[in-house]
Each structure stands twice: as structure tokens, then as C-alpha cells.
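Now for the letters of each chain:
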Amino acid sequence: MRWDNLRLTDHDADTAATPLFARNAVARTFDTPDFRGITFYEVRARSIINRVPGASQVPFEWTINPYRGCSHACTYCFARKTHEYLDLGSGEDFDSKIIVKVNAPDLVRRELAAPKWAGHHIAMGTNVDCYQRAEGRYRLMPGILAALRDAANPFSILTKGSLILRDLDLLVEAAEVTDVSTAVSVGFVDDALWRAVEPGTPHPRKRLEICATLNDHGIRCGVLMAPILPYLTDSPAMLSETVERIADSGATHVAPITLHLRPGAREWFMAWLSREHPRLVPRYLELYGRGAYAPKAYQERVRREVEALARRYGIGRTNAREARRITPRPRPAAPPAPEQLTLI
């Protein structure tokens, strides 16, 4: 579906009838700094609560994804391949051509009320981020959360987006009637790498502030420490710094995941790596030469290191954040001040 010829701007929307094509999709662009270069394709989905194939081996069975494509533009995003199913590219198209399911809130309410629905846990943010920048304009999540709250249906959210705090009141209301959990994704806290591989996301420190705020309001929030990038963010020093910052946020838990490179993401990430870190290309080909995942021995070593650091910094302990505030980590003693010289 090549939809650029049907683009509709804010000005056009006021002066012309909305063009329809290919299942009633409408393409829009917005001439604002946040959305410059991005095209939004508004579609009316036929269903919204999706069952995850059993072969996916993920810890949830049902998902809601109000968007496809993601302006976070993470070079490693495993969901890139899904854009090819729409005859769009998994590279720049994935970052800049965003599918918006504008009727998502109504569909959620209708499907939750269906007699066959059994109140299963629903995971959100598992494919692309439901709190990416598009959500600031389309505001689909408040309606989705209200429907889940009214149905007392359990759910979880994974995000890198700060917009989740806009809906804090809805999350609190939902948590009063059902099980609600959240997680933010922070694989590392290095500034240079953040700008290079996650250019459309809030800073990792901002995401950890979100984690702290959610926990302070009684919404359980942990950290998906993902992805850990081999030879870039897996050194003992970088792992330690990241886990310590996660502990400072009061995260309920930390779950490390090593980078995996599925088709679509693999080509895009390796192209970035060859430009920015060409010396690492042979090492990555060795690690990922046989498939999308690093060797199990490597993944296990990283997992053990992160778990040991989590114990060291107290992640998951009751009131660990408050304890760290009261009893800060010991710092090296300052050298003695030189004797003051006086002239008498």
C-alpha cells in the first residue's frame, strides 16, 4: 500500500472532503516539529484484541496494539518486519509511516463486552509503543484504559513513552478494580548510545522518573532492561551503572534481555553498526551468525550479572528506594584539606 498520494494535511482537512481508499484509510501529515516527516495512516480496524500465536513463547496470550510502526525509531526494534506485511519498508517507513487504528477505543469496549470474552489479561506495548508520539495527537489510550477499567479487565503496559503519565488517574482508577502492572524499557543509560540507537524516545533518565512516579502512585512498575547490546552496553561498568539507576527509580523488578536481531531489524541495525562501529561487525556476525539470538551461554552470563547487581542494589526489596535515599552508597573519603598557611 503506497499511500503518499492521498496525504491530507491539517489545512486540507478543513477545506476538502477526506479522501478514502483501500479499506477507508486516510493519510495525514502535520506540519509541527514533533511530526515533521511522519505520515499517519488512519484506518478503522475490524478487531483490536489479538490472540498471540502459541509459538511466540511470550508470557501473555492477548494484546492490544492501537498503532503499527513507531516514531521512536529504535534501530534494533524487532517489530520492523511487521511493516513489510503492509507493503511498507522495515527501515525508514517503519519510523515514519504510522498506522493509527482510530476506532480502537470503541472496539475494545465492544470486544470486552462480548459473551465469549473471558476477562483474560491483556498486554499493551508489546509490538510497538502505545505511548509513542502519535498518542499525543490521537489520544487512543484514555478510551482504551477507560474500557478496561469499566470491565475490570486485568492489563499491563510496556512503554518508553512519557505520555503514560498523562493517563495516571485512569491507571489508578483501574488498579482499584483489577490487576494493573507497568514496565518501562531501559537497556542502558549512556547518552551517546541513546541518541544513536533510540533517537525518537525520551531520555533513559526520564523513563526511570516515570517508573518512580508510577510506583509512588501505587501502580507497580518494573524495568525491562532491553536491549543489552553486545560489546556496547554489556561491560561490567555499564551494566552496574544501569542497574544502579534502575534501583534508584524504585523499580519493582528488572528483567534483562540481550539484543535479538530478527529479519527486518537485523538488516537495519547491522547497517547502522557498519557505519558507526565497523570494527564490531565481525563480532556481531560471530554472535548472530546462526540466527536472531546471541548464544545461550552469552545470554546466561549477562542475566547472572544483572541479577547479582539487582541483589546488590536492592531491587525488589520493600522500601528499597527509600532505604537508598536514607543510606546512600558509601563514597570515597575526600583527601584531607591542606593546612592553612598564615603569616603572623
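Preceding this section is the structure that the text describes.
Residues numbered from 1 in each chain as written. Predicted model: local features only at pLDDT ≥ 70, side-chain atom pairs only at ≥ 80, totals over all residues. Heavy atoms only, no water.

## Brief notes about the packing of helix H3 (residues 104–112) against helix H5 (residues 141–150)
Inference 1: Their axes nearest at 8 Å, the elements H3 and H5 cross at an angle of 15°. Regarding the angle of H3 to H5, the classification is roughly parallel. For the pair H3 and H5, the crossing hand works out as right-handed. Across the interface between the two elements, Ala 104, Pro 105, Val 108, Arg 109 and Leu 112 of H3 pack against Gly 143, Ile 144, Ala 146, Ala 147, Leu 148 and Asp 150 of H5.
Inference 2: Among the residues forming the contact of H3 with H5, the class breakdown is eight nonpolar, one polar and two charged. (Axes fitted to C-alpha atoms, helices over the stretch in contact; angles between N-to-C directions. Helix = DSSP H or I, 4+ residues; strand = E, 2+ residues; numbered from the N terminus. Parallel < 35°, antiparallel > 145°, perpendicular 65-115°, else oblique. Left-handed = near helix turned anticlockwise from the far one by under 90°. Contact = heavy atoms within 4.5 Å. Nonpolar A, V, L, I, M, F, W, Y, C, P; charged D, E, K, R; others polar.)

## Quick notes on the side chain of Thr 63
Inference 1: Inspection of the secondary structure assignment puts Thr 63 in strand E5 (residues 62–64).
Inference 2: Of the polar contacts made by the side chain of Thr 63, one reaches the side chain of Asn 65; its length is 3.5 Å.
Inference 3: When near neighbours in sequence (up to four residues on either side) are disregarded, Thr 63 contacts Ile 48, Ile 49, Asn 50, Val 52, Ile 122, Ala 123 and Thr 126. (Polar contact = N/O pair within 3.5 Å; in protein donor to acceptor, adjacent residues only side chain to side chain.)

## Observations regarding the pairing of strand E10 (residues 180–185)
Inference 1: The buried fraction of E10 amounts to six of the six residues, a majority that puts the element mostly inside the structure.
Inference 2: Alternating residues of E10 divide into Val 180, Thr 182 and Val 184 and Ser 181, Ala 183 and Ser 185, and every residue in both groups is buried.
Inference 3: The parallel pair strand E9 (residues 155–159) and E10 is bridged by helix H6 (residues 168–175), and the resulting crossover is right-handed.
Inference 4: Note that E10 and strand E11 (residues 220–228) share five bridges and pair parallel. Opposite Thr 182, over in E11, you have Cys 221 as the bridge partner. (Buried < 20%, exposed > 50% of the residue type's maximum accessible area, 1.4 Å probe, protein only. Right-handed = clockwise from strand over helix to strand, strands pointing away. Pairing = 2+ DSSP bridges.)

## Some words on the environment of Ala 45
Inference 1: Relative to the assigned elements, Ala 45 resides in the loop between strand E3 (39–43) and strand E4 (49–51).
Inference 2: Classification of Ala 45 as buried rests on a relative accessible area of 17%.
Inference 3: Linking Ala 45 and Lys 101, residues 56 residues apart in sequence, is a C-alpha distance of 5.8 Å.
Inference 4: With near-sequence residues (within four places) excluded, Ala 45 lies in contact with Lys 101, Asn 103 and Leu 107.

## A look at the environment of Gly 161
Inference 1: Within the fold, Gly 161 resides in the loop between E9 and H6.
Inference 2: Distance in space between the C-alpha atoms of Gly 161 and Lys 206 is 9.1 Å, their sequence separation being 45 residues.
Inference 3: Setting aside anything within four residues of it in sequence, one finds Gly 161 in contact with His 72, Asp 129, Tyr 131, Pro 202 and Ile 210.

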